[in-house]
Amino acid sequence: MEAGLSGSGTEQQDWEELNEIVRTIARQIQLWRERTGLTQAGLGLAIGFSEELVGKVECGQRIPTAQFLDKVDEAVNAGGMVSAFKEDLTTARYPKKVRDLAKLEAEAVEIGAYSNSVIQGLLQTEDYTRALFTARRPLLDEETAERQVAARMSRQHVLTRWPATVFSFVQEEVTLRRPLGGRMVLRGQLERLLEVGQLRNVEIQVMPTGREDNAGIGGSFRLFEAGDGPKVAHVEVQQVSRVIAERKEVHPLEIRYGTIRAQALTPRESMAFIEKLLGET
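The paragraphs below set out a description of the structure included in this document. (Residues numbered from 1 in each chain as written. Predicted model: local features only at pLDDT ≥ 70, side-chain atom pairs only at ≥ 80, totals over all residues. Heavy atoms only, no water.)

Comments concerning the overall build of the protein chain
Turning to step 1, where the next piece is worked out: Per the secondary structure count, the protein chain includes 12 helices and six strands.
Turning to step 2, where the next piece is worked out: Taken over the C-alpha atoms alone, the protein chain extends approximately 65 × 45 × 40 Å along its principal axes.
Turning to step 3, where the next piece is worked out: Relative to its full complement of 281 residues, the protein chain shows a buried share of 46%.
Turning to step 4, where the next piece is worked out: Once local pairs closer than 6 in sequence are excluded, the contacts in the protein chain between residues at least 24 apart make up 75%.
Turning to step 5, where the next piece is worked out: Of the accessible surface of the protein chain, which amounts to about 14100 Å², a share of 52% is contributed by carbon and sulfur atoms. (Helix = DSSP H or I, 4+ residues; strand = E, 2+ residues; numbered from the N terminus. Buried < 20%, exposed > 50% of the residue type's maximum accessible area, 1.4 Å probe, protein only. Contact = heavy atoms within 4.5 Å. Areas by Shrake-Rupley, 256 points an atom, 1.4 Å probe, with all protein chains shown as cover.)

This is the structure in structure tokens:
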């Protein structure tokens, strides 16, 4: 879930598979580095990444990117043996649920999202996302939490890609006031909303708590429109993440989302509202 509060046996199996791959890659990077006589700081300098990041990759706390693996391969003269791990990470980098969601986002030409409990995942800052996953119960270990954060952050490139996807987000006012992670995390999140709200392909609206009519009481959901296919919807509740493709089920959500947008503040009013909240935080 975007709140980082649900899980399943399948998701756990996905992460166990990924953990094993990441541990293998981490060990190989460390062995090649030591064979070359480089320290973590030395390797970081050679590949243009920080010593801290190299250390986290070697400890399995961070998933290396394709660029990271290529640069390490070159720096330690591995002859492609380190770069070869890119294919393994491509298929197992994130849980299946995350991969499926990223696929929907990648193929959509238009995305609408209504969120009533937390800031929508594509809009979250890294600190805000981390606060969500560290608040999860049962507790996640640090490695898994960091990988969940990385998985969510990796999806946000769709906001600025070209050709541009058209986005509309409606956030309940309470999500803008809830200080998850503390006051400074909330400030950073509000600043992020103002920043993203300036993008020409993004509209952010706020649903005031004081509205007497609110069509979104039933919960959060998203709508995806692909360029060559019908709209699909994605809904989440505790322990459940479901994609809805049948027209008879998607159509009511389309109507509902249109009503929600009409009931919310306009994008311009919403930006002013968020600026006001930022000044009060």
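From this point, the narrative continues.
Describing the packing of helix H7 (residues 126–134) against helix H8 (residues 142–154)
Turning to step 1, where the next piece is worked out: Look at H7 against H8: their axes get within 9 Å of each other, and the N-to-C directions meet at 135°. The orientation of H7 with respect to H8, classified from their angle, is oblique. Both H7 and H8 take part in a crossing whose hand is right-handed. Contacts between H7 and H8 involve Glu126, Thr129, Arg130, Leu132 and Phe133 on the former and, on the latter, Ala145, Glu146, Gln148, Val149, Arg152 and Met153.
Turning to step 2, where the next piece is worked out: Across the contact of H7 with H8, the residue classes tally to five nonpolar, two polar and four charged. (Axes fitted to C-alpha atoms, helices over the stretch in contact; angles between N-to-C directions. Parallel < 35°, antiparallel > 145°, perpendicular 65-115°, else oblique. Left-handed = near helix turned anticlockwise from the far one by under 90°. Nonpolar A, V, L, I, M, F, W, Y, C, P; charged D, E, K, R; others polar.)

Quick notes on the packing of aromatic side chains
Turning to step 1, where the next piece is worked out: A complete count under the given rule lists four aromatic pairs for this structure.
Turning to step 2, where the next piece is worked out: Between phenylalanine 221 and tyrosine 257, the ring centres sit 6.1 Å apart and the planes meet at 80°, which makes this aromatic pair edge-to-face. In this pair, phenylalanine 221 sits in strand E4 (residues 221–226) while tyrosine 257 sits in helix H11 (residues 247–263), placing the two residues 36 residues apart along the sequence.
Turning to step 3, where the next piece is worked out: What makes tyrosine 257 buried here is its relative accessible area of 6%.
Turning to step 4, where the next piece is worked out: Every member of this aromatic cluster is reached through a ring pair, and the members are Tyr114, Phe221 and Tyr257. (Phe/Tyr/Trp six-rings, centres within 6.5 Å; stacked < 30°, edge-to-face > 60°.)

Examining the sheet that holds strand E1 (residues 108–115)
Turning to step 1, where the next piece is worked out: Here we have six strands laid out as an open sheet, ordered E3-E2-E1-E4-E5-E6, and mixed in their pairing. The open sheet is flanked by strand E3 (202–207) and strand E6 (240–244), the only strands paired with a single partner. Each strand axis lies, on average, 10° off the axis of its neighbour in the sheet, ignoring direction.
Turning to step 2, where the next piece is worked out: Pairing of E1 with E4 involves six bridges; the strand directions are antiparallel. Along E4, the bridge assignment pairs alanine 113 with arginine 222. (Pairing = 2+ DSSP bridges.)

Some remarks on unusual backbone geometry
Turning to step 1, where the next piece is worked out: In the segment running from arginine 137 into proline 138, the intervening peptide bond is cis, with an omega of -5°.
Turning to step 2, where the next piece is worked out: Structurally, proline 138 can be placed in the loop between H7 and H8.
Turning to step 3, where the next piece is worked out: Look at the link from tryptophan 162 to proline 163: it is a cis peptide, with omega at 0°.
Turning to step 4, where the next piece is worked out: Within the element layout of this structure, proline 163 appears in the loop between H8 and strand E2 (166–172).
Turning to step 5, where the next piece is worked out: Unusually for a residue other than glycine, asparagine 77 sits at a positive phi of about 55°.
Turning to step 6, where the next piece is worked out: Among the structural elements, asparagine 77 can be located in the loop between helix H4 (66–75) and helix H5 (85–92).

Here we look at the pattern of salt bridges
Turning to step 1, where the next piece is worked out: In the structure shown here, the tally under the stated rule is 22 salt bridges.
Turning to step 2, where the next piece is worked out: Taking the shortest distance from any N to any O, the salt bridge between arginine 130 and glutamate 146 comes out at 2.7 Å. Taken together, the residues arginine 130 in helix H7 and glutamate 146 in helix H8 connect sequence positions 16 residues apart.
Turning to step 3, where the next piece is worked out: Residue classification places glutamate 146 among the buried residues on the basis of a relative accessible area of 13%.
Turning to step 4, where the next piece is worked out: Taken together, the shared-partner salt bridges in this structure form one network comprising Arg62, Glu126, Asp127, Arg130 and Glu146. (Salt bridge = Lys/Arg side-chain N within 4 Å of Asp/Glu carboxyl O.)

Regarding the nonpolar core
Turning to step 1, where the next piece is worked out: Residues Phe167, Phe169, Leu176, Leu190, Leu193, Ile204 and Ile274 are the most contacted members of the largest nonpolar core, which totals 34 residues.
Turning to step 2, where the next piece is worked out: At the level of elements, helix H6 (96–107), E1, H7, E2, helix H10 (183–196), E3 and helix H12 (267–280) are the ones that each hand at least two residues to this core.
Turning to step 3, where the next piece is worked out: Contact partners of leucine 176, with chain neighbours within four places excluded, come to Ile119, Gln171, Leu186, Leu190, Leu193, Val206, Phe273, Ile274 and Leu277.
Turning to step 4, where the next piece is worked out: Core analysis: the next-biggest nonpolar cluster, separate from the first, contains 18 residues, Ile21, Val22, Val76 and Ala78 among them. (Core = buried A, V, L, I, M, F, W, Y, C linked by side-chain atoms within 4.5 Å.)

Considering helix H3 (residues 51–58)
Turning to step 1, where the next piece is worked out: Considered for burial, the residues of H3 that qualify are Val54, Gly55, Val57 and Glu58. Along H3, the residues classed as buried sweep out an arc of 160° about the axis, all on the same side.
Turning to step 2, where the next piece is worked out: Positioned one or two residues after H3, glycine 60 has a phi angle of 80°, which is positive. (Arc of directions from axis to C-beta.)

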